[in-house]
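Summary of the model geometry
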Amino acid sequence: MDRTLAADLACLPDLLDATRRAATEALAALDARPVVPDAGAAAPPAPEPLPEHGTGTEAALEAFRSRWQPRFSASAGPRYLGFVTGGATPAALAGDWLTAAHDQNSNSAFDGAGQHLERETTGWLRELFGLSDAHTGTFVSGATMSNTVGLAIAREWLGERLGVSPAEDGAAALGPVRVLSGAPHSSIAKALAVLGLGRASLVRVPTLPGREAVDPAALDRALADTPGPAVVVANAGTVNTVDFDDLPALDALRRRHDFWLHTDAAFGAFAALSPRHAHLTAGLDASDSVCVDLHKWLNVPYDSAVQFTRRRDLQTRVFQNAAAYLGPLGDDPDLVHLTPENSHRLRALAAWFTLRAYGRAGHREIVERDVDCARALAGELEREPALRLLAPVRLNVVCFTLATAPTPERLAALREAAGAEVFVTPTVYGGTPALRAAFSNWRTTQADVRRAAEALRTAAKGIA
């Protein structure tokens, strides 16, 4: 064994303890450090050459803390409101550490404990989101992969309707395909490109006036324009305004039209946890496939998401893999037959830990507190003449812009001026350049809202 590696093995408990201390110090500093370092502090260090002979874990830890850690954002913290980024609850962090320690590749029944844990966890998640046991779930890396898997199953369903199998014959066997949606996430077009269906197959359907929710009547007409099997991508929580399509109305359209209903509920599915907001996810169970991202509002570390579907038989037709060292399909197929991955880490363990530790009630509290924080920030920004809201706060995202001359350049300057206290991301809503603040971190409180609002107000006044 390499001498340095052997030395690290001999003092592994001390090294893990040093790592624990480094992680604890980093997390303890989240409240005080800049949410996003300024451009100078974030600039990458000069590259170092690959060492011929390493100096061990302790030296690597010190090099990381001096060269790279100061350049990292406080994305695990309570005022990182960009994208839709959760943090890692204490239990999820413990689960993720143990995921690395046990280093399971949980795809085969030949070593199946990880598979069984994942199935238990997806069962808990299915219950959490109000899905029936007609749905089966599988862990994937994120919402993009979840949408890709869901649309791959939909592609095979189209083939079933037309008497072909794209998994065997290729996507060209389908001929022209229509995928209809009102306000699809960008990952939908990416998935269609990956699956050989093409970005051009995406048909944008008009939305309701002043909304991002699809107009069911317009969708009805679009489906009637070209009869035949199609795919409809519904939204349960859009990016800019967390708008929800009327899922029961979309399901009702299937009495007149033949289509696969895929619902992108990346973070909107978590509305099901709150009695105040559960009505938004009514009808989710009718979906043929559902995307839910877990490193958002479940607050588990990146990367983690889940894909649910009613047609696991089609899922295995797409992703089945044959090799002597892999388990058979069987009635309860190994995970290797359910996603593009032949290998995946035991992502389910972090989710299992946080669900086991805090239960439905604990995660409901996180959801409701974040929603209250979003509404509080909207109230603060409404009172600032230099800013204006572009949409009502339906759940956990605040979409706003400058009251005058909201150019991308001026909004970028606003973001940078406020960046030490709060991180928000750019968007465009209704043709207007804008900013969005998304609340999904388990640490965020009303005190963080006040700090974020003050930073945004000060920056906006400076720009004005």
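Located above this text is the structure these notes cover.
Residues numbered from 1 in each chain as written. Predicted model: local features only at pLDDT ≥ 70, side-chain atom pairs only at ≥ 80, totals over all residues. Heavy atoms only, no water.

What to know about the pairing of strand 7 (residues 305-309)
Put simply, the test is: Partly exposed describes any residue whose relative accessible area lies between the buried limit of under 20% and the exposed limit of over 50%, with all areas from a 1.4 Å probe on protein chains only and scaled to the type maximum. Strands here mean DSSP runs of E at least two residues long; helices mean DSSP runs of H or I at least four residues long; both are numbered from the N terminus. Two strands are counted as paired when DSSP detects at least two bridges linking them.
With five of its five residues buried, strand 7 lies for the most part within the structure. Side chains A305, Q307 and T309 project from strand 7 onto one buried face, and the interleaved V306 and F308 project onto a second face that is buried too. With five bridges connecting them, strand 1 (residues 136-140) and strand 7 associate as antiparallel partners. Residue T138 lies in a different strand from strand 7, and its bridge partner there is Q307. Relative to strand 7, strand 6 (residues 289-293) is paired through five bridges, and the arrangement is antiparallel. The residue of strand 7 that forms the bridge with V290 is F308.

Regarding a nonpolar patch on the surface
Using the following cut-off: A patch is a set of surface residues, each over 30% in relative accessible area and not in a salt bridge, joined within 9 Å for like charges and within 5 Å for the nonpolar side chains Val, Leu, Ile, Met, Phe, Trp and Tyr. In these tables, accessible area is a Shrake-Rupley quantity obtained with a 1.4 Å probe, and a residue counts as shielded only by the protein chains included in the view. Salt bridge, as used here: a side-chain nitrogen of Lys or Arg that lies within 4 Å of a carboxyl oxygen of Asp or Glu.
A grouping of M1, L5, L9, L12, L16 and W97 is seen on the molecular surface, where their side chains present a nonpolar patch of about 630 Å² in accessible area. Within the residue set of the nonpolar patch, elements represented by two or more residues are helix 1 (3-10) and helix 2 (12-28). The topology assignment puts L12 in helix 2.

What to know about the nonpolar core
In plain terms, the rule: For the purposes of this section, nonpolar cores are sets of buried Ala, Val, Leu, Ile, Met, Phe, Trp, Tyr and Cys residues that join through side-chain atoms within 4.5 Å. It only takes one pair of heavy atoms within 4.5 Å for two residues to be counted as in contact.
Counting 52 residues, the largest nonpolar core has L125, F129, L219, F270, V292 and L294 as the members making the most contacts within it. Every element with two or more residues in this core is listed here: helix 6 (113-128), helix 10 (216-225), strand 4 (230-235), helix 11 (247-253), strand 5 (259-264), strand 6, strand 7 and helix 13 (348-382). Ranked by residue count, the leading element in this core is helix 13, at eight residues. The contacts of F129, once residues within four sequence positions are left out, are A269, F270, A272, L273, L284, V292 and F308. Of all hydrophobic cores here, the second largest spans 27 residues; its members include L377, A386, A418 and V424.

Thoughts on the packing of aromatic side chains
Think of a pair of aromatic rings as described by two things: how far the centres are apart, and how the planes are tilted against each other in angle. Applied cut-off: Pairing of aromatic rings covers Phe, Tyr and Trp, the last through its six-membered ring, and needs centres within 6.5 Å; plane angles under 30 degrees mean stacked, over 60 mean edge-to-face, and all others mean tilted.
Following the criterion strictly, the structure yields eight aromatic pairs and no others. Geometrically, the ring pair formed by F64 and F72 is edge-to-face, given 5.7 Å between the ring centres and 65 degrees between the ring planes. For F64, a relative accessible area of 34% puts it in the partly exposed group. For F72, a relative accessible area of 42% corresponds to the partly exposed category. Ring geometry for W157 versus W260: centroids 6.1 Å apart, planes at 55 degrees, classification tilted. In this pair, W157 is assigned in helix 7 (residues 143-162) and W260 in strand 5, connecting sequence segments 103 residues apart. The exposure class assigned to W157 is buried, which follows from its relative accessible area of 5%.

Points about the pattern of salt bridges
For the coordinates displayed, the defined rule picks out 33 salt bridges. For the salt bridge of R451 with D31, the shortest nitrogen-to-oxygen distance reads 3.4 Å. With R451 in helix 15 (residues 446-463) and D31 in the loop between helix 2 and helix 3 (39-42), this pair connects stretches of sequence that are 420 residues apart. Judged by its relative accessible area of 28%, R451 is partly exposed. For D251, the salt bridge is made with R254, and the minimal N-O distance between the two is 2.9 Å. On the basis of relative accessibility, which here comes to 30%, the residue D251 falls in the partly exposed class. What makes R254 partly exposed here is its relative accessible area of 24%. Here the salt bridges do not stand alone but share partners, grouping D31, R79, E421, D448 and R451 into one network.

So, to be careful, I would describe these as geometric facts and stop short of saying anything about function.
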